[in-house]
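Observations on chain architecture
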Amino acid sequence: MKPEKILKRYGRSGDNLLAILHDIQDASPEHYLSDADLRSAADYLRLPYSFVHGVASFYTMYSLKPRGRNLIRVCQSPPCHLLGSSTISRELIKVLGVGFGETTADRLFTLEMTSCLGVCGVAPAMMVNDRVYGNLTAERIAGIIDDLRRAQ
Amino acid sequence: MSVFRTHVLLPVDVGTAQAGVFEVKRRLEKELSVRQMLDEVKVLESGTVGIVGKGVILAVYPDRMYYFNVREADVPRIVDEHLLKGRVVAGLDHAAIAVSPSVPGPKVGLTRAQRRIVLDKAWTVDPENIDEIIAAGGYRGLERILREALPPEAVIEEIKKSGLRGRGGAGFPTGMKWEFTRKAAGGEKYIVCNADEGEPGTFKDRLILEGDPHRLIEAMAVAGYAIGAGRGFVYIRGEYRLSIDRLQKAIAQARQYGLLGNNILESGFSFELEIRKGAGAYVCGEETALIESLEGKRGNPRVKPPYPVTHGLWQKPTAVNNVETLANVPGIMANGADWFRRIGTDKCPGTKVFTVLGHVEYPGLVETDMGTPLREIIFGFGGGVKGGRKFKAALLGGAAGVFVPEKLLDVKMDFESLKENKAVLGSGAVLVMDETASVVEMLFSIAKFFAHESCGQCVPCRVGTRQILDIAWRIRQGHGRAGDAETMLQLAETMFKTSLCPLGQSLVMPVRSALENFAEEFALAAGQAGKA
């Protein structure tokens, strides 16, 4: 969906900014907010561009650079850390060949770290797009990534 | 209307969805259809049971038998053996579950009796079906107020009498907060629900929202009525998709039934409820940061005072309450303050929802009386330390929490008792660490979390979290220097005194408790450095 269409669903009131940014980003195939997106939101809500940029860069769910088709977010909060999330992170870096905040060359995966996802009962956990993967072990990682690759 | 002899409940939450609950449901309906049993056995999706890491859970009522780790292939056996012949399927992981303290059940584990107030309906009704909720007693509190035309002051009085205190961590009396908001000058007022659950180790609010969203709607309407607000907002973390979906559906149903919107139950009271989605910022769990975010800004906390009760959303009087706090309101309004006061302790009546996790046999969620000893939560409900290893410490209340050693295992879990023991209840997270875990390592992880989540607005927090992380890192790497522990504590204490909001103020809790209770570990880490 074009950003213009999304904007029209909302009133021109500043408190709609977060929802607008969510919707524009969700509609973006590269899961991010471009400079043009920020400018159109700013114009629509009659807010300074700098203000909109400030909001978009404050919250971790928004990205200002293009991301891969699959967004992998590894929880690194204390409960997951206790149960070995750093091993999971190392394995993901190895299997994907990219570090945190980076995207694979085939643009299939972006690796990110996240704060507590609220699924600590199955720690260590990660989220791929909307799906939660829990009780992770380093051995399971390669298989999960393979499945995701095949699903494309 | 047909009467079913048996109900099969399939709790749907993030965990069971991952494990394939919908595949099991489809198969079950197919198998029942083949055997022409669809008019005898009803299959329902329910909210969570609070047991996690056990795959798909399938419950058979009225038998109160729960099966765990159910796979699609197990379904025909469950249908043939249990649903047709009434025999428990021996080969499957199962347990009879206690539904109330008066019905005996297992002695250990999460299936033993719990006293459930805020989660009483969560595991026995379909959260997406308002008829079931109403049949199970939902909206009774709101109905009583409106039918009896109780004055708002009387509602506030009832909540004050109940002794309900904020379950988000601070423990502030809810009735007083409502009274301040009601009495504050200004026409327009707001009620805001804080569902920005971000404290590491905490997922109680998610399970309340996923399991019984109507309870929150009822509570918000009652609160709106009491403080004089016509509009309410629920601010939910953007990551909680299922919670958002369920609450959205519930709001639509409530509106359709005349339980939200104009002239509710023809009482003249009107109330609108909106969901606002967060975008990933721990600091937005702080009420003034949350309000800023609701207004569409960066989540930078405001200077207090003035407090939100007088200057909140759009500078109007606003009451901000946690999900679990509000979830207690319908029960109090339906059953009265005296009923509530009989549960829990004198100063902290009611129940508390705890999440018990880490190195325990049965990680998950427990709702039990305020004042329940920590030992019972870990060893009774949680089944004790995993693999029979020795207990070392529990981190209570999340990252902004306190490490407690073994000698404090008998502490009662309520605001007062914990405070007397230099600990905190916080969000109710109980993270258990066994003898193999390292407190140094955990403190490093906490420091990393705070450094990442500091909003950067005030200097003590922005610089302090980074400094503490640097020190924690080098101690962990075995390069600790003499005086590191003292410096870390001094920094944390300075942050406590000078930071703008509870984020910067609370890092002192894990730092001090780790250094006081596990000093030898830090000495050891520094000692290793000396040798190296």
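Calculation notes
Residues numbered from 1 in each chain as written. Chains lettered and ligands numbered in written order. Predicted model: local features only at pLDDT ≥ 70, side-chain atom pairs only at ≥ 80, totals over all residues. Helix = DSSP H or I, 4+ residues; strand = E, 2+ residues; numbered from the N terminus. Rg over C-alpha atoms; globule rule 2.2 N^0.38 Å. Buried ≥ 20, exposed ≤ 12 C-beta atoms within 10 Å, placed from the backbone. Contact = placed C-beta atoms within 7 Å. Pairing = 2+ DSSP bridges. Core = buried A, V, L, I, M, F, W, Y, C linked by C-beta atoms within 7 Å. Expected span 1.5 Å × (residues − 1). Nonpolar A, V, L, I, M, F, W, Y, C, P; charged D, E, K, R; others polar. Axes fitted to C-alpha atoms, helices over the stretch in contact; angles between N-to-C directions. Parallel < 35°, antiparallel > 145°, perpendicular 65-115°, else oblique. Left-handed = near helix turned anticlockwise from the far one by under 90°. Domains from an automatic or database assignment. pLDDT = per-residue confidence, 0-100. Right-handed = clockwise from strand over helix to strand, strands pointing away.

Of the regular secondary structure elements, chain A holds 7 helices and 4 strands. Starting at the N terminus and walking to the C terminus, you meet the elements of chain A as α-α-α-α-β-α-α-β-β-β-α. Seen along its three principal axes, the alpha-carbon backbone of chain A occupies a region of about 50 × 30 × 25 Å.

With that out of the way, let us pick up the overall build of chain B. Of regular secondary structure, chain B possesses 21 helices and 14 strands. Relative to the globule expectation of 24 Å for 532 residues, the C-alpha radius of gyration of chain B, 24 Å, shows essentially globular dimensions. A principal-axis box enclosing the C-alpha atoms of chain B has dimensions of 75 × 60 × 40 Å. Within chain B, the proportion of its 532 residues that are buried is 56%. Of the contacts made within chain B by residues no fewer than 6 positions apart, 71% connect residues no fewer than 24 positions apart.

Quick look at the pairing of strand β6 (residues 190-195) of chain B now. Residues and elements named next belong to chain B. Counting buried positions along β6 yields 6 of 6 residues, so the element is predominantly enclosed. Relative to strand β7 (residues 231-236), β6 runs parallel, the two being bridged by 6 bridges. Its bridge partner lying in β7, A195 is registered against I236.

Residues L216, V222, A223 and A394 of chain B are the most contacted members of the largest nonpolar core, which totals 212 residues. Not counting chain neighbours up to four residues away, the residues in contact with L216 of chain B comprise C193, L209, V234, L247, V323, L326 and A327 of chain B.

With 15 residues, helix α16 (residues 439-453) of chain B extends 21 Å from end C-alpha to end C-alpha; this agrees with the ideal 21 Å at 1.5 Å per step. Among the 15 residues of α16 of chain B, 13 are classified as buried, and the element is accordingly described as predominantly covered.

Take the interface of chain B and chain A next. Taken residue by residue, the interface counts 44 residues in chain B and 33 residues in chain A. Within the residue set of the side of chain B that touches chain A, elements represented by two or more residues are α1 (14-19), α11 (287-294), β10 (351-358), β14 (429-434) and α16 of chain B. Here the element with the most residues in the side of chain B that touches chain A is α16 of chain B; it accounts for 6 residues. Partitioned by chemical class, the residues of the side of chain B that touches chain A number 19 nonpolar, 16 polar and 9 charged.

The subject of this paragraph is the packing of helix α5 (residues 140-147) of chain B against helix α12 (residues 323-335) of chain B. In a packed pair of helices, the relevant descriptors are the angle between the two axes and the axis-to-axis distance. Residues and elements named next belong to chain B. Between α5 and α12, the shortest axis-to-axis distance is 7 Å and the interhelical angle comes to 50°. Considered as vectors, α5 and α12 are oriented oblique to each other. Crossing of α5 against α12: the hand is left-handed. Every residue of α12 that contacts α5 at R140, G141, R144 and I145 is listed here: V329, P330, M333 and A334. Partitioning the contact of α5 with α12 into residue classes produces 5 nonpolar, 1 polar and 2 charged.

Glancing now at the packing of helix α7 (residues 174-183) of chain B against helix α9 (residues 213-227) of chain B. Residue and element names in this part refer to chain B. Where α7 meets α9, the axes come as close as 8 Å, and the angle between the chain directions of the two elements is 50°. One finds that α7 runs oblique with respect to α9. Counting all contacts with α7, which are made through W178, T181 and R182, the residues of α9 involved are A223, A226 and I227. Taken together, the residues that form the contact of α7 with α9 break down as 4 nonpolar, 1 polar and 1 charged.

A few words on the sheet that holds strand β2 (residues 41-46) of chain B. All names here are of chain B. What the 5 strands build is an open sheet, ordered β2-β1-β3-β4-β5; its pairing is mixed. At either margin of the open sheet sits one strand with a lone partner, and together these are β2 and β5 (94-96). Looking at each pair of strands side by side, their axes are set apart by 20° on average, direction ignored. Across 3 bridges, the pairing between strand β1 (residues 6-11) and strand β3 (residues 58-61) is antiparallel. Bridge pairing links V8 to V60 in β3.

Right, let's talk about the domain arrangement of chain A for a bit. Once the domains are mapped, chain A shows domain 1 (3-58) and domain 2 (70-150). For domain 1 of chain A and domain 2 of chain A, the distance between their C-alpha centroids amounts to 28 Å.

In the predicted model, chain A carries a mean pLDDT of 94, and 100% of its residues have values of at least 70. Mean pLDDT across the elements of chain A ranges from a minimum in strand β4 (residues 131-133) of chain A, with 86, to a maximum in helix α4 (residues 49-58) of chain A, with 98.

Paired through their backbone hydrogen bonds, the strands of a sheet run either parallel or antiparallel. All names here are of chain B. Reading across the sheet, the 5 strands line up as β11-β10-β14-β12-β13 and stay open at both edges, with mixed pairing between neighbours. The sheet is open, and its two edges are formed by β11 (364-369) and β13 (402-405), each paired on a single side. Taken pair by pair, the neighbouring strands of this sheet meet at an average axis angle of 30°, ignoring direction. Pairing analysis gives 5 bridges linking strand β12 (residues 391-396) to β14, with the strands arranged antiparallel. Within β14, the position partnered with F391 by the bridge is D434.

A few words now on the pairing of β7 of chain B. Residue and element names in this part refer to chain B. The buried count for β7 comes to 5 of 6 residues, which makes it a mostly enclosed element. One ladder, built from 6 bridges, connects β7 with strand β8 (residues 272-277); its direction is parallel. Within the sheet, the bridge partner assigned to Y235 lies in β8 and is R276. Regarding topology, helix α10 (residues 241-256) serves as the crossover connection from β7 to the parallel β8, and that connection is right-handed.

Attention now moves to the environment of G426 of chain B. All names here are of chain B. With respect to the secondary-structure elements, G426 resides in the loop between α15 (415-420) and β14. Residues G426 and A400, 26 residues apart in the sequence, show an inter-C-alpha distance of 7.8 Å. Those residues within four positions of G426 in sequence are excluded, and the remaining contacts are G169, E199, L396, G397, G398, A400 and G401.

With glycine set apart, most residues show a phi of negative sign, and most peptide bonds adopt trans. For the bond from Y61 of chain B to P62 of chain B, the omega torsion is 10°, close enough to zero to count as cis. Looking along the chain, the bond that leaves K304 of chain B and enters P305 of chain B is cis, with omega of -10°. Following the sequence through the fold, P305 of chain B ends up in the loop between α11 and β9 (318-322). A positive phi angle, near 55°, is found at N129 of chain A, a position not held by glycine. Along the polypeptide, N129 of chain A turns up in the loop between β3 (126-128) and β4. Here the phi dihedral of Q36 of chain B falls at roughly 55°; this positive angle occurs in a residue that is not glycine.

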